[in-house]
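Breakdown of the fold
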2 protein chains.
Amino acid sequence: MFDAEKFIKESIDQIKEQVEGRALIAFSGGVDSTVCAALVNKAIGNNLIAVHVDTGFMRKNESKDVEKLMEKMNLNYRFVDSSQEFFNDLKGVVDPEKKRKIIGEKFIRVFEKVAKKEGIKSLVQGTIAPDWIESGDSLRDTIKSHHNVGGLPDKMDLTLVEPLRDLYKDEVRKVARALKLEVAERQPFPGPGLAVRIIGEATKERAEIVREACFIVESEIEEAVKEGKMEMPWQYFAVLLPVKSVGVHGDRRVHGDVITVRAVESIDAMTCAFSKIPNEILDKISTRITNSLKEKVNRVVYDITNKPPGTVEWE
Amino acid sequence: MFDAEKFIKESIDQIKEQVEGRALIAFSGGVDSTVCAALVNKAIGNNLIAVHVDTGFMRKNESKDVEKLMEKMNLNYRFVDSSQEFFNDLKGVVDPEKKRKIIGEKFIRVFEKVAKKEGIKSLVQGTIAPDWIESGDSLRDTIKSHHNVGGLPDKMDLTLVEPLRDLYKDEVRKVARALKLEVAERQPFPGPGLAVRIIGEATKERAEIVREACFIVESEIEEAVKEGKMEMPWQYFAVLLPVKSVGVHGDRRVHGDVITVRAVESIDAMTCAFSKIPNEILDKISTRITNSLKEKVNRVVYDITNKPPGTVEWE
């Protein structure tokens, strides 16, 4: 049985030993980075600098909420809006691996800039066990470059500190609860953000479409859960496909974008079942998406794939 | 109220007047062409030649079944396998309108060949009202070239006979029942066949994938209906998307194809609601598709779009 209190104590001691001088953490507001920041903050206080980067691929209102959270946690933080740089670097890129690599590199470049300015020696990352297990070790395949692993360029000037490296997601949540962090029940969000939920080119315009669709999926599902109409899924979001399909708009036939709704149940993220969302909720989500994004999206599908054979995210 | 018996009587008289010499009908086995063939057969007997073309985009076992049906209806028929020619003509073509045009033209060329050989003067087509209403008249948009309308090249050497031109789908079904045709309850199937259910390039390999997926969707839904688990949808089928998504296969990450399941309720095909298929049936369909097409398909989605704003078919 995993002992969160014991883990926290040992972890803080270890971090104190590991970190020299000032450390930097990329603070996304997700469970992993929040737990990580809280632990390191307990270990080295203001010597930890939390940096939140608005990549342009954050969820609706997310960057604002993250800023509030960093304040509440008494973190020594910096807020950087690099969205336009990310969009520029991703222009014309459709290959999923290339996208992840570019985003990973860009992240590091932004952090290195802060690191240089602040005289930082260590980089804290919220990598957890499934991240590097799925990214491949000697025995496994290395097709996917995971956002917390493969995105890291080889020539990095910082020491890597990964306090959650041996934990599974449910254990990270236990630590979060033990630390009384309010994000404990928050759904996981991938490092490259909405960029991996935009299949094909990740432009500013397409980011806005998937951001609004994600927001609708989250709101409707959270409301349905509150009303007792369904169980809270492990993860739930929208994916924008690079496919046009035909639709009707008044008397006209128009070609529009396709949004996929994805929601899964899981214990450990290694296997998942698609959430059995009641049909009336799916209908409500679909109608709200096509109404809100009228000139752009005219078709909504629901992902009914378990893992295996599908993954939770699409790329 | 529509009077099927009266329509049949008047229609036969009109066909006798309209058709000179021998007529030809493209016999797909769908409700429209079957009703059409039955009417014209009653009017001119063996002077009607029913031609079934295996385009390579027919459903599983469909061409064989159609041949049996033509025999049972005592039609004077010809069976032509042109699948390889269709695949050749569609090589590299991804634009939906272009695909329809090419298929329509090819159809006509195949029929013209038979027509020339058989000394035929008239072409019978099962066009119904929504076909030409949706294809646009003077007041409407003409974006879509419908399979029974826009596919026809201008320089056609045959006289066009369209006995069902003023009917809606439910009226065609009434006529079918009045004629005691066993296809009466059969779901509609588009003229270009599975080609419009292969978004992107319609190759032989991709036709085989969508054919198997369509077969699974049909079998599972029909079984669920028989077991009283759901209502029979108006139309239900699979669509192959030109999108790869990531999946897991043993320890490996693999990129596979995405299949969309589409099922709708409708009265007249002008407006539709997506079918509220029970989640356990969707789960069964999804698992069977990814198991049967293991090396190819690793993700299945369910289309939750009503019409409007989406159409029933995707292109």
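Structure: see above.
Residues numbered from 1 in each chain as written. Chains lettered and ligands numbered in written order. Predicted model: local features only at pLDDT ≥ 70, side-chain atom pairs only at ≥ 80, totals over all residues. Heavy atoms only, no water.

**As for the environment of A:Lys296**
All names here are of chain A. Note the cut-off: For helices the rule is a DSSP run of H or I covering at least 4 residues; for strands it is a run of E covering at least 2, with both sets numbered from the N terminus onward. Contacts are residue-level and defined by heavy atoms, with any inter-residue pair within 4.5 Å sufficient.
Residue position: Lys296 is located in the loop between α9 (279-292) and β9 (297-303). When the C-alpha positions of Lys296 and Thr311 are compared, they lie 27 Å apart, and in sequence the two are 15 residues distant. In this structure, Lys296 is in contact with Ile209, Gly256 and Asp257, ignoring residues within four places of it in sequence.

**Here's the deal with the pairing of β9(A)**
The two faces of the sheet receive side chains in turn, since in a regular strand these alternate between them. The line we're drawing: Accessibility here uses a 1.4 Å probe with only protein chains present; expressed as a share of the type maximum, an area under 20% marks a residue as buried, one over 50% as exposed, and anything in between as partly exposed. Paired strands, as defined in this entry, are two strands with at least two bridges between them according to DSSP.
Of all 7 residues making up β9(A), 7 are buried, and the element is well covered by its neighbours. One ladder, built from 5 bridges, connects strand β7 (residues 252-266) of chain A with β9(A); its direction is parallel. Residue A:Ile259 lies in a different strand from β9(A), and its bridge partner there is A:Val300. Examined bridge by bridge, β9(A) and strand β9 (residues 297-303) of chain B share 3 bridges and lie antiparallel to one another. Paired with A:Val301 across the strands is B:Asp303, a residue of β9(B).

**A few points about the pairing of strand β3 (residues 76-81) of chain A**
Residue and element names in this part refer to chain A. Cut-off, in case you're wondering: Viewed with both strands pointing away, a crossover whose connecting path from the first strand over the helix to the second turns clockwise is right-handed.
Alignment of strand β2 (residues 48-54) against β3, held across 6 bridges, turns out to be parallel. Within β3, the position partnered with Asp54 by the bridge is Asp81. Once you follow β2 into helix α3 (residues 62-72) and on to β3, the crossover reads as right-handed.

**Focus: the packing of helix α8 (residues 204-226) of chain B against helix α9 (residues 279-292) of chain B**
Residues and elements named next belong to chain B. Applied cut-off: Lines are fitted to the C-alpha atoms to define the axes, a helix being fitted only along its stretch in contact, and any angle between axes, read from their N-to-C directions, falls within 0 to 180 degrees. For classification purposes, an angle smaller than 35 degrees is called roughly parallel, one larger than 145 roughly antiparallel, one from 65 to 115 roughly perpendicular, and anything else oblique. Left-handed is the label given to a crossing in which the near helix is rotated counterclockwise from the far helix by less than a right angle, and right-handed is the label when the rotation is clockwise.
Where α8 contacts α9, the axes come no closer than 10 Å and their chain directions differ by 150°. Comparing the axis directions of α8 and α9 gives the class roughly antiparallel. Considering how the two elements wind past one another, α8 and α9 form a crossing that is right-handed. Residues Ala213, Phe215, Ile216, Val217, Ser219, Glu220, Ile221, Glu223 and Ala224 of α8 form the contact with α9, whose participating residues are Ile281, Lys284, Ile285, Arg288, Ile289 and Ser292.

**Describing unusual backbone geometry**
The amide bond that connects A:Pro308 to the next residue, A:Pro309, takes the cis arrangement and shows omega of 10°. Backbone torsion omega between B:Lys307 and B:Pro308 reads -10°, so that peptide bond is classified as cis. Mapped onto the elements of the fold, B:Pro308 is located in the segment after β9. Even without a glycine there, the phi angle at A:Asn74 is positive, about 60°. Topologically, A:Asn74 is positioned in the loop between α3 and β3. The phi torsion at A:Lys180 lies on the positive side, around 55°, for a residue other than glycine.

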